[in-house]
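Structural overview
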Amino acid sequence: MTAWNKLLVATTRLLDLHDSAHEPGSPFVQVSQEQRRGLRDGYWLDLGCLLLDYLLEVDFATNSAFVTQRRCLAHLRGDYPELPADDLSFVINLLATPSEIHYREWQPDAADSGIDEGETSPGTRSGRSTKRTALIEKQGQTGQVRLTPSGRQAVTLASQVEDLLYSEYDAAKVIAALSRGDYARVPDITQQILMAIRALTQELRRVRENPTHEGKLAALLDNERHYHNALSTIQSTLLSARSQLSTPTLTAHFEAWAERQEEEWDLRMLSATIGRVLNAIENLSRRLSELLSDIAEGRIQSMGVIDFAGLAHQLLLSPPPERLQNAVVARMMPLGTQVAMPRVETLLPLVETRRAERSGAALVFDEASDRPSADPLLARYLKARGPALRRRLRQSPLSLPDALSEGWHHFEAGSDSAHAETLDCLPQLLNTFVDTQLLDDQLSVGIDDTPFAIALPDGRRIEGAVTPSLRLRPAPTKEQEV
């Protein structure tokens, strides 16, 4: 769903409410589903949205200059190659024709203009209307078009759909507001971040209640790392902002600013707004990790909103069969009824959850670090060739050319000899000459002032000005021990 569709979804029912011919005070309050006119294929709506997006781009480039319809037609034909010019003219004429919107606005009573100070006038909500609803301005002679202020506002609103993945930049605005001394902006900024977090939290709840939407599950899996990175960035930024609130310089500056304000401000108000966002981040991160782990382990299944109270009432009215009751009792009831103590292990998850909910520290739960990493080739090489290589070093020192000639940089992987694979571990062999403790703590590297050059069968060539060799470290003598 694009940003334009989200804007229309949020405002369509308001337009239906505006167009309603329902009489005030009518007892008929039921509303039927309304059928909209049109082709019902989204063709005209798509043309209008593409045209508005293009006019906004041109508006920035030309500083609100008029654009010919020929340029608009050439741009839209990139999406609709067979687009007729008449279709574009119809869309332009429709968006350029204003429609009257009626609304109510609060106005103070004229008779109460001389009321005493400290008293408030009730005022009235009188009807108003406006015809500034045209999204496109069209010249009568040339037919050139451009965005009206209402059209520019509509495109801007459509592009401002909140998304958690981009709220990390809003968190940086908190630090900017504190540095500039604009403390009144901090609650509004944190409220925007909180709305984005709550939107994703509600989306997770809807996915868990109805996980048949495979597209949403795939989107969550694809953006898993991005969500965790965004949450970590927002959390660290807000923690840094909250730590700045306790500095003496900012405290003194805030007190001087609060004295000049009409409303009463307290530094704890800013800390509380930041704390609410941190708690929401902790809750969202836990829910996201739980959902992703359920998806990975196959525990998520289709389920709706279950009325457990109604289910219990139904079981009382119509009990299940006796065989089912016996099976449930045998599985869930304790073996002995005299002493029934609950197991502590079953209560630990509940205790840990409540402890995390009551914790004052905001944490980001990321299970990526708990996943088993892939087996590195160095560990496999040391496990397969390490014992034999140590026995070889106990016999005599091993130089790098000798190790290559003896084939210590190869080993076979695979339990089945018929399907065994010979792996090239030349970097791993060289690593043992650099870090001798990988093989044995008693090893050391000897350097022979003799150059060497080795040509491997696959065409690689290894050259060195000196020849390194692995050898056992000599045992300390009595004089050295003294």
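The shown structure was predicted, so the numbers you read here are calculated from the model rather than taken from an experiment.

Conventions and cut-offs
Residues numbered from 1 in each chain as written. Predicted model: local features only at pLDDT ≥ 70, side-chain atom pairs only at ≥ 80, totals over all residues. Heavy atoms only, no water. Core = buried A, V, L, I, M, F, W, Y, C linked by side-chain atoms within 4.5 Å. Buried < 20%, exposed > 50% of the residue type's maximum accessible area, 1.4 Å probe, protein only. Helix = DSSP H or I, 4+ residues; strand = E, 2+ residues; numbered from the N terminus. Contact = heavy atoms within 4.5 Å. Salt bridge = Lys/Arg side-chain N within 4 Å of Asp/Glu carboxyl O. Axes fitted to C-alpha atoms, helices over the stretch in contact; angles between N-to-C directions. Parallel < 35°, antiparallel > 145°, perpendicular 65-115°, else oblique. Left-handed = near helix turned anticlockwise from the far one by under 90°. Nonpolar A, V, L, I, M, F, W, Y, C, P; charged D, E, K, R; others polar. 1 Å grid on protein atoms, 1.4 Å probe; cavity = no way out; pocket = protein on both sides within 12 Å on 5 of 7 lines; lining within 4 Å. Points joined across faces, edges and corners; volume = space filled by probe spheres on them. pLDDT = per-residue confidence, 0-100. Phe/Tyr/Trp six-rings, centres within 6.5 Å; stacked < 30°, edge-to-face > 60°. Arc of directions from axis to C-beta.

Things to note about the nonpolar core
Judged by nonpolar contacts, the single largest core of 35 residues is most densely connected at Val174, Leu178, Leu238, Phe254 and Leu270. Taken together, the elements giving at least two residues each to this core come down to helix H6 (168-180), helix H7 (186-209), helix H9 (224-244), helix H10 (248-259) and helix H11 (267-297). In terms of residue count, H11 provides more of this core than any other element does, 11 residues in total. The contacts of Phe254, once residues within four sequence positions are left out, are Tyr183, Trp265, Asp266, Leu267 and Leu270. By size, the runner-up hydrophobic cluster in this structure holds 26 residues, among which are Trp4, Tyr43, Leu47 and Cys72.

Some remarks on the pattern of salt bridges
Evaluation of the coordinates by the stated rule reveals seven salt bridges. With its nearest N and O atoms 2.8 Å apart, the salt bridge here joins Asp266 to Arg268. The partner of Glu463 in a salt bridge is Arg461, and the shortest N-O contact between them spans 2.5 Å. Each member of the pair, Glu463 as well as Arg461, carries the same accessibility label: exposed.

A look at the packing of helix H3 (residues 69-76) against helix H4 (residues 85-96)
Here H3 crosses H4 at 115°, and the two axes come no closer than 10 Å. Here H3 is positioned roughly perpendicular relative to H4, judged by the angle of their axes. Considering how the two elements wind past one another, H3 and H4 form a crossing that is right-handed. Touching Gln69, Cys72, Leu73 and Leu76 of H3 are Ala85, Leu88, Ser89 and Ile92, all from H4. In terms of residue class, the contact of H3 with H4 is built from six nonpolar, two polar and no charged.

Considerations on the layout of surface pockets
Reported here for the largest pocket is a volume of approximately 2,200 Å³. Lining the largest pocket are 42 residues, and of these Leu8, Thr11, Thr12, Leu15 and Leu45 sit closest to its centre. Looking at the lining of the largest pocket, the elements with two or more residues in it are helix H1 (3-19), helix H2 (43-62), H4, strand S1 (101-107) and helix H5 (149-159). Sort the elements by how many residues they give to the lining of the largest pocket and H1 lands first, with 10 residues. When its residues are assigned to classes, the lining of the largest pocket shows 20 nonpolar, 13 polar and nine charged.

Side note on the confidence of the model for the protein
For the protein, the average pLDDT comes to 77, and 77% of its residues sit at 70 or higher. Mean pLDDT per element in the protein: helix H18 (residues 478-481) is the minimum at 50, and H3 is the maximum at 93. Note on residues 112-120: pLDDT is under 50 here. Beyond four places in sequence and across chains, it has four contacts.

Focus: empty space enclosed by the protein
Counted according to the given criterion, the structure contains one cavity of 30 Å³ or more. Within this model, the largest cavity holds a volume of roughly 30 Å³. The wall of the largest cavity is formed by Leu55, Val58, Asp59, Thr62, Ala65, Val67, Arg146 and Leu147. Sorting the residues of the lining of the largest cavity by element identifies H2 and strand S4 (145-147) as the ones contributing at least two each. Counting residues per element, the lining of the largest cavity draws most heavily on H2, which supplies four residues. Its residues assigned to classes, the lining of the largest cavity shows five nonpolar, one polar and two charged.

Observations regarding the packing of aromatic side chains
Using the criterion set out here, one finds seven aromatic pairs in the structure. Seen in terms of ring centroids, Tyr43 and Tyr80 are 5.6 Å apart; in terms of plane orientation they differ by 90°. Their pairing is edge-to-face. Of this pair, Tyr43 sits in helix H2 while Tyr80 sits in the loop between H3 and H4, placing them 37 residues apart in sequence. The structure contains a cluster of three or more aromatic residues connected by ring pairs, namely Tyr43, Trp44, Tyr80 and Phe90.

A look at helix H17 (residues 426-434)
For H17, the full list of buried residues reads Leu426, Gln428, Leu429, Thr432 and Phe433. For H17, the arc enclosing every buried residue in end-on projection is 170°, short of the 170-degree limit, so these residues lie on one face. Opposite the packed face of H17, turned more than 90 degrees from it, sit the exposed residues Pro427 and Val434.

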